[in-house]
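Residue-level structure breakdown
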Amino acid sequence: AKNKKGEEIEGSGETQELLKEDKTMSEYDKIQISRKNLPVYAYREEFLSALKDHQVLILVGETGSGKTTQIPQYLHESGYTSYGKVACTQPRRVAAMSVAARVSVEMGVELGKEVGYSIRFEDCTCEGTKVQYMTDGMLLRSFLTEPDLKSFSALIIDEAHERTLHTDILFGLVKDIVRFRKDLKLIISSATLDAEKFSSYLDDAPIFMIPGRCHSVDILYTKQPEADYVDASVVTTLQIHVTQKIGSGDILIFLTGQEEIEQCAETLTARTKGLGSKIPELIICPIYANLPSDQQAKIFDKTPPNARKVVIATNIAETSLTIDGICYVIDSGFAKQTSYNPKTGMSSLVVTPISQAAANQRSGRAGRTAPGKCFRLFTAWSFKNELDENTVPEIQRTNMGNVVLQLKALGINDLLGFDFMDAPPAETLMRAFESLYALGALNDKGELTKLGRRMAEFPLEPMLSKTVIYSEKLNCTKEVLSMVSMLSIGASVFYVPKDKKVHAETARLNFARGGGGDQISLLRCYTRWEESEYSTQWCFENFVQVKSMRKARDIRDQLEGLCERVEIEPTSCGLDEFEPVLKCFTAGFFFNVAKLSRSGDYTTVKNRQTCYLHPSSVLAKDEVPAKWLAFFELSFTTKEFMRQCAPIKGEWMVELAPHYYSPDDIEEAKGKKLSKQRSRGR
Ligand code: ADP
Ligand code: MG
């Protein structure tokens, strides 16, 4: 490790003797001992003294060395919080919550007091909060309300190696802010060794290394490509469980998302049940972003003797969360990634092969406490030849609409001249400008309009904030807020118990009765729950997830508050007259309009992409398909599916998006389609 003059600043970090617990100790004392056993502890003093000498430090240490949980506490203990808060950003909500909870236990304080977290739609902090974990997106939003971040004395941009869009934008903003706030300390923390790039970007800030303690990991590949990696992961888990000694370590499986994880957990449960008492107990712990937090915490429970734990995770467990005791990793080789096509302006979540760097991070999870094994469910050839070396930073593969709007609201006008660590493709920036212009958030000079300024107040994608603000015009703000909140939960609202599939389906379709598609079904669902006075019993009877509904209510409360701030009256149009609500949706989502084609599928109007109604849409059951649809999102699994779809009228598009559609577009959509059909027929 060296600073710009080439001096070593890494200290001796004398090998520490591992401290031992004894049985008479309190939980709190045991935790203090485990804190002192973390690799980072040996470097505590050197780190703090380096931070005294340097305003900006790059901190590098392996996952699990204690960066996220300890460094903010060290800063707190050494007085940095006496004149401001210490912020520590995380790319993922789950990590922010889970780490804050852990640190509050370590400090022996109540979560939300001295230690808290803030994530979108959830602020668990108070006046006296000293250590604040937050998503990178939330710190970015803090710049809007407090451009000099004066309530903070130190910022830790954690998990910097993940290079999320928000983290990348933060780099540019914090680089600027440390120039005029000399009292503000900045730590960029990363789990990978390629820290030189961060250092040179931040004017050669010194790099502080914490050597890890890691054991060797045997890597095993499959001989043939796996057709079904979920099933393969189940089989591999059972093989490990049956053939490897109990007590030899727990298992960690990497899959891509909630559905796969649930499927894997179910299959494992069924198959272990089948084996009955012939095998030791297997404790199955799923972890993904939308899992309720009490269940998330389960992954950290100590495995009892005579049992084995298997954690089934998304790439949340790649670097953000460290689970002790893992000796076997099963890697599907895939992750869900947003993929954005600047040519069409469409983004979708796609299951994508991970990079070699990510695969190595994943296998490293097996060697934290003892030598381990990693089972890669792909071939060695594929690793060498098919996986990219590194993951492409999100900024280069995502829609920048929201970020551009926020930067504009911060008064940063020259985005092409913004100091990006890796600039986004010019085409992506142009797309963002165009779409914000079409939404009316920017004028033709690229300046923020009054509408754009109001839109930036909302922690929503621009298309959703436009939807909300448009409700002012059509006097249906209450309904639109309910709909938008339901769309923003990010988890499923309806649940289908296996033995009551038919009942659940009937209940769900009940909300669709009266028309209006998925958006209005969600609105009906929310309104009826509201009318039941937020009854849990009501949720139960209607096969609705009460947790999702409560989340929707929290989101709604916040959006209502923001509406008040930008002076939007809480008007209402009632449930029966839902046309204005769909018009508001279209005013925001006119990019996502598709027209029924002769063959019975849909084609997006502007860029003529073929897409399909998702089978979960209530419209999928309609005998007469809607001619025009506005959809909430595209997701690509086996093909491009439109999720959450509303039937709309073709003529609305010109009325609601005059910058984007001309009457010709609507007409042309008919004409072109016809000629295309004809030529295909030949
Ligand atoms: P890093 O940020 O360097 O990857 P962390 O600070 O996240 O490391 O983790 C340090 C240690 O704290 C790990 O050994 C991990 O197991 C433990 N830890 C983190 N969160 C929890 C939790 N919620 N419960 C129990 N242990 C935890
Ligand atoms: Mg960490």
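Residues numbered from 1 in each chain as written. Chains lettered and ligands numbered in written order. Predicted model: local features only at pLDDT ≥ 70, side-chain atom pairs only at ≥ 80, totals over all residues.

- The protein carries the name RNA helicase in an unreviewed UniProt entry, which gives Triparma strigata as its organism.
- The annotation that UniProt attaches to the protein under Subcellular location (unreviewed entry) is "Nucleus".
- Here is the UniProt Catalytic activity (unreviewed entry) comment for the protein, exactly as written: "ATP + H2O = ADP + phosphate + H(+)". (UniProt positions renumbered as here; feature names shortened; annotations may be inferred.)

1. Notes on the sheet that holds strand β3 (residues 115-119)
- Sheet architecture is open: eight strands sit in the order β4-β3-β5-β2-β6-β7-β1-β8, paired in mixed fashion. Lying at the two open borders of the sheet, with one neighbouring strand each, are β4 (122-124) and β8 (207-210). Recorded for the sheet is a direction-independent mean angle of 20 degrees between the axes of neighbouring strands.
- Here β3 runs beside β4; their pairing, made up of three bridges, is antiparallel. Counterpart to Ile119 in the pairing with β4 is Glu122.
- In the packing of helix α5 (residues 136-145) onto the sheet, the strands contacted are β2 (85-90), β3 and β5 (131-135), and the crossing angle to β5 comes to about 105 degrees. (Pairing = 2+ DSSP bridges. Helix = DSSP H or I, 4+ residues; strand = E, 2+ residues; numbered from the N terminus. Axes fitted to C-alpha atoms, helices over the stretch in contact; angles between N-to-C directions. Contact = placed C-beta atoms within 7 Å.)

2. Notes on the sheet that holds strand β10 (residues 250-254)
- The sheet built from six strands is open, its strands ordered β9-β16-β13-β10-β12-β11 with parallel pairing. In this open sheet, the two strands that pair with only one neighbour each are β9 (217-221) and β11 (281-287). Direction aside, neighbouring strands of the sheet carry axes that sit 20 degrees apart on average.
- Two strands pair when backbone bridges link them, and β9 and strand β16 (residues 372-376) are joined in this way by five bridges, in the parallel orientation. Its bridge partner being in β16, Leu220 is matched across the sheet by Phe375.
- Each of β9, β10, β13 (326-331) and β16 is contacted by helix α12 (residues 356-364), which is oriented at about 150 degrees to β13, the strand it contacts most.

3. Some points on the environment of Gly247
- With respect to the helices and strands, Gly247 occurs in the loop between α8 (229-243) and β10.
- Separated by 89 residues in sequence, Gly247 and Asp158 place their C-alpha atoms 33 Å apart.

4. Section: the environment of Asn402
- Its place among the elements puts Asn402 in helix α14 (residues 401-409).
- For Asn402, a count of 24 C-beta atoms within 10 Å translates into the label buried.
- Between the C-alpha atoms of Asn402 and Ala370, which are 32 residues apart in sequence, the distance is 44 Å.
- Not counting chain neighbours up to four residues away, the residues in contact with Asn402 comprise Glu461 and Pro462. (Buried ≥ 20, exposed ≤ 12 C-beta atoms within 10 Å, placed from the backbone.)

5. As for the site of ligand 1
- As a structural note, the neighbourhood of ligand 1 is formed by 16 residues, with Lys67, Thr68, Thr69, Arg102 and Phe300 the closest of them.
- Counting only elements with at least two residues in the shell around ligand 1, the list comes to α3 (67-77) and α4 (93-107).
- Here the shell around ligand 1 takes four residues from α3, the largest share from any one element.
- Per-class residue counts for the shell around ligand 1 are three nonpolar, 10 polar and three charged. (Near = placed C-beta within 6 Å. Nonpolar A, V, L, I, M, F, W, Y, C, P; charged D, E, K, R; others polar.)

6. Here's the deal with the nonpolar core
- Of all hydrophobic cores here, the largest spans 180 residues; its most connected members are Ile58, Ile253, Val581, Leu629 and Met642.
- With nine residues, the top contributor of residues to this core is α4.
- Residues within four places of Met642 in sequence aside, it is in contact with Ala594, Tyr602, Cys611, Tyr612, Leu613, His614, Leu629, Phe631 and Leu634. (Core = buried A, V, L, I, M, F, W, Y, C linked by C-beta atoms within 7 Å.)

7. A few points about unusual backbone geometry
- The phi torsion at Leu149 lies on the positive side, around 50 degrees, for a residue other than glycine.
- Tracing the chain through its elements places Leu149 in the loop between α5 and β6 (152-157).

8. So, the environment of Arg368
- Relative to the helices and strands, Arg368 is located in the loop between α12 and β16.
- For Arg368, a count of 23 C-beta atoms within 10 Å gives the class buried.
- Spatially, the C-alpha atom of Arg368 lies 27 Å from that of Thr167, the residues being 201 residues apart in sequence.
- Apart from the residues lying within four places of it in its own chain, the contact partners of Arg368 are Gly64, Cys214 and Ile326.

9. Let's talk about the confidence of the model for the protein
- Per-residue pLDDT for the protein has a mean of 90; in total, 94% of the residues score no lower than 70.
- Across the predicted assembly, pTM comes out at 0.86 and ipTM at 0.98. (pLDDT = per-residue confidence, 0-100.)

10. Notes on the packing of α14 against helix α15 (residues 426-439)
- With their axes 9 Å apart at the nearest point, α14 and α15 run at an angle of 75 degrees to one another. By the angle between their directions, the pair α14 and α15 is classed as roughly perpendicular. Of the residues in α15, those in contact with Gly401, Val404 and Leu405 of α14 are Ala432, Phe433, Ser435 and Leu436.
- The residue makeup of the contact of α14 with α15, split by class, is five nonpolar, two polar and no charged. (Parallel < 35°, antiparallel > 145°, perpendicular 65-115°, else oblique.)

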